[in-house]
Amino acid sequence: MRDDAPKMKQFETLREIVEAFPNEQAATNYFTTIRWRNGAFCPRCGSIKIYHFSDRRTHKCGDCRTRFSIKVGTIFEDSKIPLHAWMVAVWLIASHKNGITSTSLAKDLGVTQKTAWFMLHRLRNAARTHSFKRRLTHKESIA
Ligand SMILES: [Zn+2]
């Protein structure tokens with residue numbers, strides 16, 4: 001099951017990407033089509049028997065019964081940063097060929113520098129591994 005990071009090549013300008021993701025649902029829909037482009041799957045057990053709730057944000061596994069959002073199992077899971085801010089950050093980082101500082105990302109996104117630093121760190125990892133999959137923590141990997 002591949003889970004590659006999107007290139008977001010279809011967006012030429014910051015204005016285009018901001019218009020494409022006016023709210024959290026738009027970003028959620030976009031990320032869902034990337035992550036599940038080969039079909040929906042459970043982030044816990046890998047089952048493809050998935051039920052979709054009418055809120056368009058909650059899904060449930062028909063096998064392990066886990067309820068989850070599309071962020072579960074990705075680098076976006078354990079943060080309060082909205083997905084649309086993450087999508088804009090992905091685009092900003094890709095468009096700065098010589099790298100973007102956390103100060104400048106913070107200013108562009110309207111977040112604190114600490115948050116921007118956290119986002120940069122996670123997105124660089126995603127770029128390196130070509131995946132938005134969350135890396136297992138030490139605790140999880142020995143469990
Ligand atoms: Zn499951």
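In this text the structure is predicted, and so the values were computed from the model without any measurement.

Participant: Quick one: what's the story with the overall build of the protein chain, residue by residue and with numbers?
Facilitator: If you tally the helices and strands in the protein chain, you get 6 helices and 3 strands. The order of helices and strands in the protein chain, counted from the N terminus, is α-α-β-β-β-α-α-α-α. When contacts within the protein chain are restricted to residue pairs at least 6 apart in sequence, those whose partners lie at least 24 apart make up 51%. About 8900 Å² of surface is accessible on the protein chain, with carbon and sulfur atoms providing 54% of the total.

Participant: Account for the packing of aromatic side chains, with residues named and values stated.
Facilitator: The geometry of two aromatic rings is summed up by the distance between their centres and the angle between their planes. Under the criterion given, the structure shown has 10 aromatic pairs. An angle of 50° between the planes, with centres 4.9 Å apart, marks the rings of F76 and F132 as tilted. Placement of F76 in the loop between β3 (67-68) and α3 (83-95) and of F132 in the loop between α5 (113-129) and α6 (138-142) is noted, with a sequence separation of 56 residues between them. Taken together through their ring pairs, the aromatic side chains of F31, F76, W86, F118 and F132 make up a single cluster.

Participant: Please provide a residue-by-residue account of the coordination of the zinc ion, values included.
Facilitator: Around a metal, the ideal angle is 109.5 degrees if four donors adopt a tetrahedral arrangement and 90 or 180 degrees if six donors adopt an octahedral arrangement. The zinc ion binds to the protein through C42 (SG), C45 (SG), C61 (SG) and C64 (SG), with metal-donor distances spanning 2.3 Å. Considering all 4 donor atoms around the zinc ion, the spread of angles at the metal, 106 to 117°, places the coordination shape in the tetrahedral class. When the donor residues of the zinc ion are listed from N- to C-terminus, their spacing reads C-x2-C-x15-C-x2-C. Taken as a pair, C45 in the loop between α2 (24-35) and β1 (50-52) and C61 in strand β2 (residues 59-61) lie far apart in primary sequence, 16 residues in all.

Participant: Please set out the sheet that holds β2 residue by residue, giving values where relevant.
Facilitator: One open sheet accounts for 3 strands, arranged β1-β2-β3; its pairing is antiparallel. The open sheet has two edge strands with one neighbour each: β1 and β3. Relative to β3, β2 is paired through 2 bridges, and the arrangement is antiparallel. Bridge pairing in β3 links K60 to R67.

Participant: Quick one: what's the story with the environment of G46, residue by residue and with numbers?
Facilitator: Following the sequence through the fold, G46 ends up in the loop between α2 and β1. The exposure class assigned to G46 is partly exposed, which follows from its relative accessible area of 39%. Once the C-alpha coordinates of G46 and C61 are considered, the two residues, 15 residues apart in sequence, prove to be 9.0 Å apart.

Participant: Describe the pattern of salt bridges, naming the residues involved and giving the relevant values.
Facilitator: Enumeration according to the criterion identifies 4 salt bridges in this entry. Ionic pairing is found between R15 and E19, a salt bridge with its closest N-O pair at 3.2 Å. You can see R15 and its partner E19 sitting in helix α1 (residues 14-20), 4 residues apart, about one turn around the helix. For R15, a relative accessible area of 62% gives the class exposed. In this structure, R122 and D78 form a salt bridge, with 2.8 Å as the shortest nitrogen-oxygen distance. Of this pair, R122 sits in helix α5 while D78 is found in the loop between β3 and α3, placing the two residues 44 residues apart along the sequence. Classification of R122 by relative accessible area gives buried; the value is 17%. On the basis of relative accessibility, which here comes to 48%, the residue D78 falls in the partly exposed class. Salt bridges sharing common partners tie together R44, E77 and R134.

Cut-offs and rules
- Residues numbered from 1 in each chain as written.
- Predicted model: local features only at pLDDT ≥ 70, side-chain atom pairs only at ≥ 80, totals over all residues.
- Heavy atoms only, no water.
- Helix = DSSP H or I, 4+ residues; strand = E, 2+ residues; numbered from the N terminus.
- Contact = heavy atoms within 4.5 Å.
- Areas by Shrake-Rupley, 256 points an atom, 1.4 Å probe, with all protein chains shown as cover.
- Phe/Tyr/Trp six-rings, centres within 6.5 Å; stacked < 30°, edge-to-face > 60°.
- Donors = N, O, S within 2.8 Å, 3.2 Å for Na, K, Ca; no water.
- Tetrahedral: all angles 85-135°; square planar, octahedral: opposite > 155°, others 65-115°.
- Pairing = 2+ DSSP bridges.
- Buried < 20%, exposed > 50% of the residue type's maximum accessible area, 1.4 Å probe, protein only.
- Salt bridge = Lys/Arg side-chain N within 4 Å of Asp/Glu carboxyl O.

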